[in-house]
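Listed here are the chains, written in short residue letters.
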Amino acid sequence: VVAMAASVLALAVALLLGASSRVDHGAAAAPVSEEGLQVTYGSTVKLMHEKTKVRLHSHDVAYGSGSGQQSVTGFPEIDDSNSYWIVRPTLDSSAKQGDAVETGSIIRLQHMRTRKWLHSHLHASPLSGNLEVSCFGGDGQSDTGDYWRLEIEGKDKVWKRDQKVRLRHVDTGGYLHSHNKKYNRLGGGQQEVCGVRDKRAENIWSTAEGVYLPVDESK
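Rules used in this analysis
Counting restarts for each chain: residues are numbered from 1 in the order of the written sequence. With pLDDT at 70 or above as the cut-off, local features in this predicted model cover only qualifying residues; side-chain atom pairs require 80 or more to be listed or tallied, and sums for whole chains, interfaces and linings still use all residues. Water and hydrogen atoms were dropped before computing side-chain values, which therefore reflect all heavy atoms in the structure. Numbering of helices and strands starts at the N terminus; helices are DSSP runs of H or I of at least 4 residues and strands are runs of E of at least 2. Exposure classes here rest on a 1.4 Å probe applied to the protein chains alone. A residue is buried below 20% of its type maximum, exposed above 50%, and partly exposed in between. Contacts are assigned to residue pairs that have any heavy atoms within 4.5 Å of one another. Here the Shrake-Rupley method, with its probe set to 1.4 Å, supplies the accessible areas, and only the displayed protein chains count as covering residues. Here is the rule: rings of Phe, Tyr and Trp (six-membered ring for Trp) pair when centre to centre is within 6.5 Å. Planes less than 30 degrees apart are stacked, more than 60 are edge-to-face, and the remainder are tilted. When the NZ atom of lysine or the CZ atom of arginine is within 6 Å of a ring's centre and also within 35 degrees of its normal, the charge is said to sit over that ring. Any Lys or Arg side-chain nitrogen located within 4 Å of an Asp or Glu carboxyl oxygen qualifies as a salt bridge. Only buried residues count toward a nonpolar core, which is a set of Ala, Val, Leu, Ile, Met, Phe, Trp, Tyr and Cys residues joined through side-chain atoms within 4.5 Å. The criterion for strand pairing is that DSSP finds at least two bridges linking the strands in question. Side-chain atoms alone can form a polar contact between residues adjacent in sequence; in general such a contact is a pair of N or O atoms within 3.5 Å, and within protein one must be able to donate a hydrogen while the other accepts it.

A. Region of the structure containing the overall build of the protein. Secondary structure summary: the protein contains two helices and 12 strands in total. The linear arrangement of helices and strands in the protein, starting from the amino end, is α-α-β-β-β-β-β-β-β-β-β-β-β-β. Expressed as a percentage of its 219 residues, the buried residues of the protein come to 51%. Put simply, of all contacts in the protein between residues at least 6 apart along the chain, 69% involve residues at least 24 apart. Of the roughly 9,600 Å² of accessible surface on the protein, 50% is carried by carbon and sulfur atoms.

B. Structural detail: the packing of aromatic side chains. A full pass over the atoms with the stated rule returns zero aromatic pairs. Sitting above the plane of the Tyr-84 ring, Lys-46 keeps its charged end 4.6 Å from the centroid. Its end group placed over the ring of Trp-117, Arg-108 keeps NZ or CZ at 4.1 Å from the ring centre.

C. Spatial organisation of the pattern of salt bridges. Per the counting criterion, the structure on display carries eight salt bridges. In this structure, Lys-96 engages Asp-99 in a salt bridge whose closest nitrogen and oxygen atoms are separated by 4.0 Å. Given the relative accessible area of 6%, Asp-99 is considered buried. The partner of Glu-153 in a salt bridge is Arg-166, and the shortest N-O contact between them spans 2.7 Å. With Glu-153 in the loop between strand 8 (148-152) and strand 9 (165-169) and Arg-166 in strand 9, this pair connects stretches of sequence that are 13 residues apart. Arg-166 gets classed as buried once you look at its relative accessible area, which sits at 7%.

D. Spotlight on unusual backbone geometry. One non-glycine residue with positive phi stands out, namely Arg-115, at about 70 degrees. Structurally, the position occupied by Arg-115 is in the loop between strand 5 (106-111) and strand 6 (117-124). For Asp-162, which is not glycine, the phi dihedral falls at a positive 70 degrees. By relative accessible area, which is 34% here, Asp-162 ends up partly exposed.

E. The arrangement of the nonpolar core in detail. If you look at the biggest cluster of nonpolar residues, it comprises 27 residues, and the most contacted ones within it are Leu-56, Leu-118, Trp-159 and Leu-176. Mapped onto this core, the elements with two or more residues apiece are strand 1 (44-49), strand 4 (85-89), strand 5, strand 7 (131-136), strand 8 and strand 9. Sort the elements by how many residues they give to this core and strand 8 lands first, with three residues. Apart from residues lying up to four places away in sequence, Leu-176 is in contact with Leu-56, Leu-118, Val-133, Trp-148, Leu-167, Val-193, Cys-194, Glu-202, Asn-203 and Trp-205.

F. Representation of the pairing of strand 8 in the model. Judged by how many residues are buried, strand 8 sits mostly within the fold: four of five residues are covered. Here strand 5 runs beside strand 8; their pairing, made up of two bridges, is antiparallel. Considered in strand 8, the bridge of Ile-107 is made with Trp-148.

G. Geometry of the environment of Asp-92. Residue placement: Asp-92 occurs in the loop between strand 4 and strand 5. For Asp-92, a relative accessible area of 66% corresponds to the exposed category. There is a polar contact of 2.9 Å between the side chain of Asp-92 and the side chain of Thr-90.

H. Just the side chain of Ser-83, in detail. Tracing the chain through its elements places Ser-83 in the loop between strand 3 (70-75) and strand 4. Residue classification places Ser-83 among the buried residues on the basis of a relative accessible area of 0%. Of note is the side chain of Ser-83, whose polar atom sits 2.9 Å from the side chain of His-57. If near-sequence neighbours (up to four positions away) are discounted, Ser-83 is found in contact with Val-45, Lys-46, Arg-55, Leu-56, His-57 and Phe-75.

I. Local environment of the side chain of Ser-178. Assignment of secondary structure puts Ser-178 in strand 10 (residues 175-182). What makes Ser-178 buried here is its relative accessible area of 0%. Here the side chain of Ser-178 touches Gln-191 through a polar contact of 3.0 Å, side chain to side chain.

Structure, rendered in structure tokens:
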């Protein structure tokens, strides 16, 4: 089962990386449009901001202030390949590819294109002065600044597609957050993503398009 899941993921990621048109990206996401699919470790997904409907996004553009690390934004177009993230366990976790992700789990999100990790720290975010959220590190380079605790809204215990969730940064306590503050120097209406320590409607997200690996039942 694990080998089959790995093969499916490799093929799907190749399709996502190779797709260059809007039609191709839509086709890659189409087979997983149904609700109720579980988000498992190894799945490659887009995270949609519930309030503004942008996708969590990164690209090889550094912040001009703060840490100077790779910037993270909210991007309104649904078919951009720079909005795919791979769900990974923490470095000390025994979780494997295909395992379900439960509420309270500490996870990492790896940007598919640049291989860097969704990261936060005490630097101020550029537009609002909240906690900066960046991409940092890479394959073989990760630390607790990449750790996020999953908080599922409601009574469900297992993360599923389209489910409302919050992601709380372990080191700073900031919730992954976005709002309608837009960057002038970045095209496409990209808006700020930052960390905010209090619970607000603006720090709720859900998984949308992506490749959802089947749950590994071989335990």
